[in-house]
Amino acid sequence: MRAKIEQLYDEKSAQYGPDHHRLFDEFKTALNEGRVRAAEPSEESATGWRVNTWVKKGILLGFRMGVIVDMSVGELAFRDKSTYHPRRIGAEGGIRVVPGGSSIRDGCYLGASVTCMPPMFINVGAYVDDGTMVDSHALVGSCAQIGKHCHISAASQIGGVLEPIGALPVIIEDDVLVGGNCGIYEGTIVKRRAVLGTGTILNRSTPVYDLVRNAVYQATDTDPLVIPEEAVVVSGSRAITRGPGKDWGISVYTPVIVKYRDAKTDTKIQLEDLLR
């Protein structure tokens, strides 16, 4: 499948026949079943993850192959590419999609016992593993990778990326709590059991200050921002130390690691299980 997808992507044909559409349907089924994914764990990578560029090519190929069609439901009018209908969720796996305006695009993986609270949106290429909750008004962007037993709290944004092809998507590893109104963007990796406090924003341009380990974490030209395992990150600020900003007493936003998970933190997080 990989070789055929890459060949078809590189050809950039203007005409797609039945065989091409069957190939894409097989690819999309593999995405839905979690047999292929846009990024996956890798012991050979310094970050612990690698991008599967051919999978991202396949997803982009779907947009190229599709035509805009009517997807209206009753009086609600929707129009989108014919290759990416809303995904239908069956009874298998114990997945809950609570009524109330949520949408899950075809071509993403939902593990067993995933819970989707309305309204929320999961985009194509995303991978949401077992037991995770995607709360109200949350977004899981294209190709984002979410681990097991995570809580993506209300109004949080997990950024997506399809292009450039080689760009790593946002990675949220197992047992991470993403607090309400957080934003994780630009290929940031949040390691297992980390906790992001309400309103924390993580991206390539803003460094993260670790008060516990006396360290500063930030992305480079080649590597993403990586939040360490079990870190508890909250919104902070740092003063501008020169120029007019200093004279005016201005501070800028910065995320701060204030502690690492302990028994007290775990007790608070266990309360989230009551919602599932």
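Heads up: the structure comes first, above all this text.
Residues numbered from 1 in each chain as written. Predicted model: local features only at pLDDT ≥ 70, side-chain atom pairs only at ≥ 80, totals over all residues. Heavy atoms only, no water.

1. Some thoughts on the packing of helix 2 (residues 18-32) against helix 3 (residues 53-65)
Convention followed: Lines fitted to C-alpha atoms define the axes, with helix axes restricted to the stretch in contact, and inter-axis angles between N-to-C directions lie between 0 and 180 degrees. Secondary structure elements are defined from DSSP: runs of H or I of at least 4 residues count as helices, runs of E of at least 2 residues count as strands, and each element is numbered from the N terminus. Any angle that is under 35 degrees is reported as roughly parallel, and any over 145 degrees as roughly antiparallel; angles of 65 to 115 degrees are reported as roughly perpendicular and all others as oblique. Should the near helix be turned anticlockwise from the far one by less than a right angle, the crossing is left-handed, and should it be turned clockwise, the crossing is right-handed. Two residues qualify as a contact provided that any one of their heavy atoms is within 4.5 Å of a heavy atom in the partner residue. We call Asp, Glu, Lys and Arg charged. Ala, Val, Leu, Ile, Met, Phe, Trp, Tyr, Cys and Pro are nonpolar, and the rest, Gly among them, are polar.
Viewed as axis vectors pointing N to C, helix 2 and helix 3 meet at an angle of 130 degrees, and their least axial separation amounts to 10 Å. Taken together, the axis directions place helix 2 and helix 3 in an arrangement best described as oblique. The two elements helix 2 and helix 3 meet at a crossing, and its hand is left-handed. Side by side, helix 2 and helix 3 meet where His 20, His 21, Phe 24, Phe 27 and Leu 31 of the first sit next to Trp 54, Val 55, Gly 58, Ile 59, Gly 62 and Met 65 of the second. Looking at the contact of helix 2 with helix 3, its residues break down into 7 nonpolar, 4 polar and no charged.

2. Some remarks on the nonpolar core
Nonpolar side chains in soluble globular proteins tend to be buried together. Convention followed: As used here, the term nonpolar core means buried Ala, Val, Leu, Ile, Met, Phe, Trp, Tyr and Cys residues forming a set that is joined through side-chain atoms within 4.5 Å. Residue exposure (1.4 Å probe, protein chains only): buried if accessible area is under 20% of the type maximum, exposed if over 50%, otherwise partly exposed.
Membership of the largest hydrophobic core comes to 37 residues, with the highest contact counts inside it found for Ile 122, Ile 172, Ile 184, Val 190 and Ile 227. Going through the elements one at a time, strand 25 (231-239) and strand 26 (251-260) are the ones with two or more residues in this core. Ignoring anything within four residues of it in the chain, the contact list for Ile 172 reads Gln 145, Ile 146, Gly 147, Cys 150, Ile 158, Val 178, Ile 184 and Val 190. In terms of nonpolar packing, the next biggest core, distinct from the first, is built from 22 residues, Ala 30, Ala 38, Met 65 and Leu 162 among them.

3. Here's the deal with the packing of aromatic side chains
This is how the line gets drawn: Two rings from Phe, Tyr or Trp (for Trp, the six-membered ring) form a pair when their centres are within 6.5 Å of each other. A pair whose planes differ by under 30 degrees is stacked, one over 60 is edge-to-face, and the rest are tilted. Distance and angle both matter: a charge sits over a ring if NZ of Lys or CZ of Arg is within 6 Å of the ring centre and within 35 degrees of the ring normal.
In total, this model carries 5 aromatic pairs according to the counting rule given. Measuring from ring centre to ring centre gives 5.7 Å for Phe 24 and Tyr 84, while their planes differ by 85 degrees; the resulting arrangement is edge-to-face. With a gap of 60 residues between them, Phe 24 in helix 2 and Tyr 84 in the loop between strand 4 (79-81) and strand 5 (96-97) connect regions that are remote in the sequence. For Tyr 84, a relative accessible area of 1% puts it in the buried group. Aromatic rings pair up to connect Phe 24, Phe 27, Trp 54, Phe 63 and Tyr 84 into one cluster. Residue placement shows Arg 37 over the ring face of Tyr 127; its charged tip is 3.6 Å from the ring centre. Over the aromatic face of Tyr 9 sits the side chain of Arg 64, whose NZ or CZ is 4.7 Å from the ring centroid.

4. Details of the pairing of strand 26
Operational definition: The criterion for strand pairing is that DSSP finds at least two bridges linking the strands in question.
Pairing analysis gives 2 bridges linking strand 22 (residues 208-210) to strand 26, with the strands arranged parallel. Pairing of Asp 210 across the sheet is with Ile 257, part of strand 26. Looking at chain direction, strand 25 and strand 26 are connected through 9 bridges and run antiparallel. Its bridge partner lying in strand 26, Arg 238 is registered against Val 252.

5. Quick look at the sheet that holds strand 12 (residues 139-140)
The strand order across the open sheet built from 6 strands is 6-9-12-15-18-21, with neighbouring strands paired in parallel fashion. Two strands lie at the open edges of the sheet, namely strand 6 (103-104) and strand 21 (201-202), each paired on one side alone. Where strand 15 (residues 157-158) and strand 18 (residues 183-184) come together, 2 bridges link them in parallel fashion. Bridging from a neighbouring strand, Ile 158 pairs with Ile 184 of strand 18.

6. Notes on helix 1 (residues 2-11)
Test applied: An arc is given here, and it is the one of the directions from the helix axis to the C-beta atoms.
Of the residues making up helix 1, those classed as buried are Ile 5, Leu 8 and Tyr 9. Viewed along the axis of helix 1, the buried residues span an arc of 100 degrees, placing them on a single side of the element. Residues of helix 1 that are buried sit in contact with helix 2 and helix 3. Looking one or two places after helix 1, you find Lys 12, whose phi comes out positive at around 50 degrees.

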